[in-house]
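# Descriptive analysis of the structure
Residues per chain, in single letters:
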Amino acid sequence: MTDPVFFAPSRRYTAGEVANLTGANLVDSSRADVAIEALAPANEGGDGALVFVDGKRNVALMQSLRAAAVLCPADFASRAPQGIAVLVHPRPQQAFAMVGRLLFPQAATPGPMTGETGISPQAHIDPSAHVETGAIIEAGAVIGPGVSVGGGTVIAPHAVIGRSCRIGRDGYVGPGASIQYALIGNRVIIHGGARIGQDGFGFVGGAKGPERVPQIGRVIIQDDVEIGSNTTVDRGAMSDTIIGQGTKIDNLVQIAHNVRIGRNCIIAGLSGISGSVVVGDGVTMGGGVGLADHLTIGPGAKLAARSGFMSNVPAGEIWAGYPAQPMAEALREIAMLRRFAKSRKQGDGNG
């Protein structure tokens, strides 16, 4: 039995076509007809493969490349072996990703798991729901009363869309995901197992212990957002939880009630954002970042992985550590601790 091929190239591209599509400069025009039908990491390559090399620490990979073509910065071009089409681009990885989306479009946007088209007879759709022409509702999906699903959107098996939710066009809701009390824009991808719109964690002390505060807000997810598998987004308590246009959220992220995330942010896995945090546009969070409640993270800030935040972060700054502080200060403290530990060790040895 042969192994299945899950992703086949849409067609062959030539090095010349890649140059035209990405704006790269093909160093040797005689290589314009070199065929590209695969993508590969630079340390593996292969016949017909396009690879990219970027960053000074990776320049040594150029000399041992085995590929049809390489995307690289201008100062790497002369290091490529003979016979490889060299495509010079100021942002090789970005160009590589663009070619990847063209070569493997089915990998760039999730599609139906079962191969079904239209509405499966095994789906449960409330009579009051509105499903536009071109939407795909797969077996086992549940569409509640008053729900609207836009054309081109895929609702995967066993996804559940709660009462009165709005799902825009050309989106995807993965298997086993649940959505309630939410308004979702166009081209939004929600991967399997995500939970959108459940109760926020709101309790107050009472005579007999914690008492629940009703959570009556919504979740608003703007266009072109992507939410990873098993990520949770709580609905607001009284105002809304909002995720801004173009933001990309990894797997296993917790976003609490009333959080407001700006546009084009990147939030890596295992991060946790507490209630009422405001995140500006273009913020990047490394994996495992933790944010205390009611903080403000300024536009363009970068939060280092595994950092814990107890105070606001100004726009454009890079912070790290636990508790987090400006990166330069964090690095100075680490250097001081290392020097101190080394001096203690030397002192113990002399004793």
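Just above, that's the structure.
Residues numbered from 1 in each chain as written. Predicted model: local features only at pLDDT ≥ 70, side-chain atom pairs only at ≥ 80, totals over all residues. Heavy atoms only, no water.

### So, the pattern of salt bridges
To keep it simple, the criterion reads: Think of a salt bridge as a Lys or Arg side-chain nitrogen and an Asp or Glu carboxyl oxygen that are within 4 Å of each other. Elements are defined by DSSP. Helices are runs of H or I of four residues or more, strands are runs of E of two residues or more, and each kind is numbered from the N terminus. To sort residues, take the accessible area from a 1.4 Å probe on protein chains only and compare it with the maximum for the residue type: under 20% means buried, over 50% means exposed, and anything in between is partly exposed.
Throughout the structure, instances matching the rule amount to 8 salt bridges. Between Arg 187 and Asp 224 there is a salt bridge; the shortest N-O distance is 2.7 Å. With Arg 187 in the loop between strand E18 (182–184) and strand E19 (189–190) and Asp 224 in the loop between strand E23 (219–221) and strand E24 (226–227), this pair connects stretches of sequence that are 37 residues apart. What makes Arg 187 partly exposed here is its relative accessible area of 39%. For Asp 224, a relative accessible area of 22% translates into the label partly exposed.

### Notes on the side chain of Thr 241
Heads up, the rule is: Whenever a nitrogen or oxygen atom comes within 3.5 Å of another N or O atom, the pair is scored as a polar contact, on the condition that within protein one atom can donate a hydrogen and the other can accept it, and that pairs from neighbouring residues in sequence are kept only if both atoms are in side chains. Whether two residues are in contact is decided by their heavy atoms: any pair within 4.5 Å suffices.
Among the structural elements, Thr 241 can be located in strand E26 (residues 241–243). For Thr 241, a relative accessible area of 0% puts it in the buried group. A polar side-chain atom of Thr 241 sits 3.3 Å from the main-chain amide nitrogen of Gly 236. Beyond its immediate chain neighbours, meaning those up to four positions away, Thr 241 contacts Arg 218, Val 219, Ile 220, Val 233, Asp 234, Arg 235, Gly 236, Ile 255, Ala 256, His 257, Asn 258 and Val 259.

The values reported here are purely geometric and, on their own, carry no functional implication.
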